[in-house]
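Here are the chains, one letter per residue:
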Amino acid sequence: MNIEKFVRPNILAMTPYTSLRDYAEFSKPVLLDANENPYGIYNRYPDSTQKRLKEKLSEIKNIPADCIALGNGSDELIDLLIKIFCIPGKDAVAVINPSFAMYSFYAEVHGSPVIKLQLDEDFQLAKEEFLSKTQHTNAKILFLCSPNNPTGNSLENIEFFIENFDGIVVVDEAYTEFSPNISAIDYLNRYNNLVILQTLSKAWGLAGLRIGMAIASPFIISLISKVKSPYNISSVNIQMALMQLNSYDDYRFKLNEILTEKSRMQKKLSELETVVKIYPSQANFFLVEFAEAGKTYEKLLEKNILTSKRFPSIPGCLRINIGTSEENDFLIETLKNLTTEI
Ligand SMILES: Cc1ncc(COP(=O)(O)O)c(C=O)c1O
């Protein structure tokens, strides 16, 4: 596919901003080029190319470093992708519904119309719904999310959507590490209109550091590097992320804890009278339908337990993520007591 034709002409024509020190090797450089203060620990601007972090991620993910771009969370990458491909007020963004709110949020900020593709009762995107709403439209980006937030399930037929969309397909895999299913990374060498988003915010436990990844062809990566703020990730955050990425055993241990707790919670929740349905989840949260979702939400809040209100758009549902075993026990005990109160 010719990807260049999807790129906004002004972005294609732009010369990237480069910081010489990040692109060339100097021995004992005298840094008088960036109006920095010569004193201090954090007096220098961070590496705008985030070379060390990308190399580490390339090793972990087993993908070339030039197929990775980093953002201040995947949120920033969603914003940048819309900026790169959509002419404001003209090109549309297609999103599945229900899904992560930030795709529509950034599209609206950008002035791009949003086309909503309604998921079916199993929270899958039917091929007919996809084709009828995206063909012969000016949709330039399709955002898929798998496992999907807030439903928790993985999407089927992803390859079909990539093959049949005349534009860029973004598969957001923020929860991929919790899922036994394969990543769309496996499709990368087949489709150059594909972008995969992953993040260190979920399974890696680094939401506070704000580090998200876009994984795509070197051409799409070069476009993201061109439009991002040069110093979008701070030196401290790069350093802290490298530290955690080097503690692979700790990551595996915590991931297993969450998955074990998830199985336990599935059983405990299903035993509650007030729970009508727990939707299948490949993520670190459950979408749960309650007999009295509104009252349940409010009562939990009174006990300082925060859950995510998904009704009325998903009737009767709250999204609840897996906490520590103490937090999970407290939730279950509180829900048990509520059953008698409601
Ligand atoms: C599907 C999905 N994508 C992206 C994000 C945001 O990730 P980040 O913290 O990297 O911005 C979230 C956060 O909840 C999410 O659910």
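The structure displayed is predicted, hence computed values, not measured ones.

Draft legend 1. Structural context of the environment of Cys67. Here Cys67 is to be found in the loop between α3 (51–61) and β1 (68–72). Accessibility expressed as a relative area gives 11% for Cys67, which makes it buried. Discounting residues that sit within four places of it in the chain, Cys67 has contacts with Ala214, Ile215, Ala216, Pro218 and Ile221.

Draft legend 2. Expanded view of the side chain of Lys56. In this fold, Lys56 is placed in helix α3. At a separation of 3.1 Å, a polar atom in the side chain of Lys56 contacts the side chain of Glu59. At a separation of 3.0 Å, a polar atom in the side chain of Lys56 contacts the side chain of Asn246. Other than its neighbours up to four places away in sequence, Lys56 contacts Leu242, Leu245 and Asn246.

Draft legend 3. Spotlight on the pairing of strand β6 (residues 194–199). Most of β6 sits inside the fold, with 6 of its 6 residues counted as buried. Of the two faces of β6, the one lined by Leu194, Ile196 and Gln198 and the one lined by Val195, Leu197 and Thr199 are each fully buried. The sheet contact formed by strand β5 (residues 168–172) and β6 spans 4 bridges and is parallel. Looking at β6, one finds that Val171 is bridged to Ile196. Pairing between β6 and strand β7 (residues 211–215): 4 bridges, direction antiparallel. Bridging from a neighbouring strand, Thr199 pairs with Gly212 of β7.

Draft legend 4. Main features of the pattern of salt bridges. Scanning the model with the defined rule gives 18 salt bridges in all. Glu55 serves as the salt-bridge partner of Lys51, at 3.4 Å between the closest nitrogen and oxygen. Of the two residues, Lys51 and Glu55 are both situated in helix α3; the distance of 4 residues between them amounts to about one turn of the helix. For Lys133, the salt bridge is made with Glu129, and the minimal N-O distance between the two is 2.5 Å. You can see Lys133 and its partner Glu129 sitting in helix α6 (residues 127–134), 4 residues apart, about one turn around the helix. The class for Glu129 is buried, based on a relative accessible area of 19%. Beyond isolated ion pairs, a larger network of salt bridges with shared partners links Arg21, Asp33, Glu36 and Arg44.

Draft legend 5. Representation of the packing of aromatic side chains. Considering all chains together, one arrives at 13 aromatic pairs under this definition. When the ring of Tyr103 is compared with that of Phe143, the centres are 4.7 Å apart and the planes differ by 10°; the resulting orientation is stacked. Separated by 40 residues along the polypeptide, Tyr103 in helix α5 (residues 102–110) and Phe143 in strand β4 (residues 139–145) bring together distant segments of the chain. Seen from their ring centres, Trp204 and Tyr251 are 3.8 Å apart, and the 10° between their planes marks the pair as stacked. Of the two residues, Trp204 is situated in the loop between β6 and β7 and Tyr251 in helix α10 (residues 248–270); the sequence distance between them amounts to 47 residues. Using a relative accessible area of 6% as the deciding quantity, one classes Tyr251 as buried. Above the ring of Phe160, the side-chain terminus of Lys127 is found at 4.7 Å from the ring centroid.

Draft legend 6. Seen up close, the site of the ligand. If you check the shell around the ligand, you find 14 residues, and the closest are Ser74, Asp172, Tyr175, Thr199 and Ser201. At 2.7 Å from an oxygen atom of the ligand is found a side-chain nitrogen or oxygen belonging to Lys202. Contact between the ligand and Arg210: an oxygen atom at 2.7 Å from a side-chain N or O atom of the residue. Here the ligand loses 91% of its free accessible area of 400 Å² to cover by the protein chains. Element by element, the count of residues in the shell around the ligand is highest for helix α4 (residues 73–85), at 3 residues. In terms of residue class, the shell around the ligand is built from 5 nonpolar, 5 polar and 4 charged.

Draft legend 7. Fine view of the domain arrangement of the chain. Domains assigned within the chain are domain 1 (4–246) and domain 2 (249–341). Relative to domain 2, the C-alpha centre of domain 1 lies at a distance of 30 Å. Listed as interface residues are 19 residues of domain 1 and, on the opposing side, 16 residues of domain 2. For the pairing of domain 1 and domain 2, the buried interface totals around 1,500 Å² over both sides, and the portion due to carbon and sulfur atoms is 64%.

Draft legend 8. Focus on a nonpolar patch on the surface. A cluster of nonpolar residues, Ile41, Tyr42, Val236, Met240 and Met243, forms a patch on the protein surface that exposes about 560 Å² of accessible area. Locating Ile41 in the fold gives a position in the loop between α2 (20–23) and α3.

Draft legend 9. Structural detail: the packing of α3 against helix α9 (residues 235–245). The N-to-C vectors of α3 and α9 enclose an angle of 25°; their axes lie 10 Å apart at closest approach. Regarding the angle of α3 to α9, the classification is roughly parallel. Classified by chirality, the crossing of α9 by α3 is left-handed. Of the residues in α9, those touching α3 at Arg52, Leu53, Lys56, Leu57 and Ile60 are Ile238, Ala241, Leu242 and Leu245. Looking at side-chain class alone, the contact of α3 with α9 contains 7 nonpolar, no polar and 2 charged residues.

Reading the values: rules and limits
Residues numbered from 1 in each chain as written. Predicted model: local features only at pLDDT ≥ 70, side-chain atom pairs only at ≥ 80, totals over all residues. Heavy atoms only, no water. Helix = DSSP H or I, 4+ residues; strand = E, 2+ residues; numbered from the N terminus. Buried < 20%, exposed > 50% of the residue type's maximum accessible area, 1.4 Å probe, protein only. Contact = heavy atoms within 4.5 Å. Polar contact = N/O pair within 3.5 Å; in protein donor to acceptor, adjacent residues only side chain to side chain. Pairing = 2+ DSSP bridges. Salt bridge = Lys/Arg side-chain N within 4 Å of Asp/Glu carboxyl O. Phe/Tyr/Trp six-rings, centres within 6.5 Å; stacked < 30°, edge-to-face > 60°. Lys NZ or Arg CZ within 6 Å of the ring centre and 35° of its normal. Near = heavy atom within 4 Å. Areas by Shrake-Rupley, 256 points an atom, 1.4 Å probe, with all protein chains shown as cover. Nonpolar A, V, L, I, M, F, W, Y, C, P; charged D, E, K, R; others polar. Domains from an automatic or database assignment. Buried area = accessible area lost by both parts, 1.4 Å probe. Patch = residues over 30% accessible without salt bridge, like charges linked within 9 Å, V, L, I, M, F, W, Y side chains within 5 Å. Axes fitted to C-alpha atoms, helices over the stretch in contact; angles between N-to-C directions. Parallel < 35°, antiparallel > 145°, perpendicular 65-115°, else oblique. Left-handed = near helix turned anticlockwise from the far one by under 90°.

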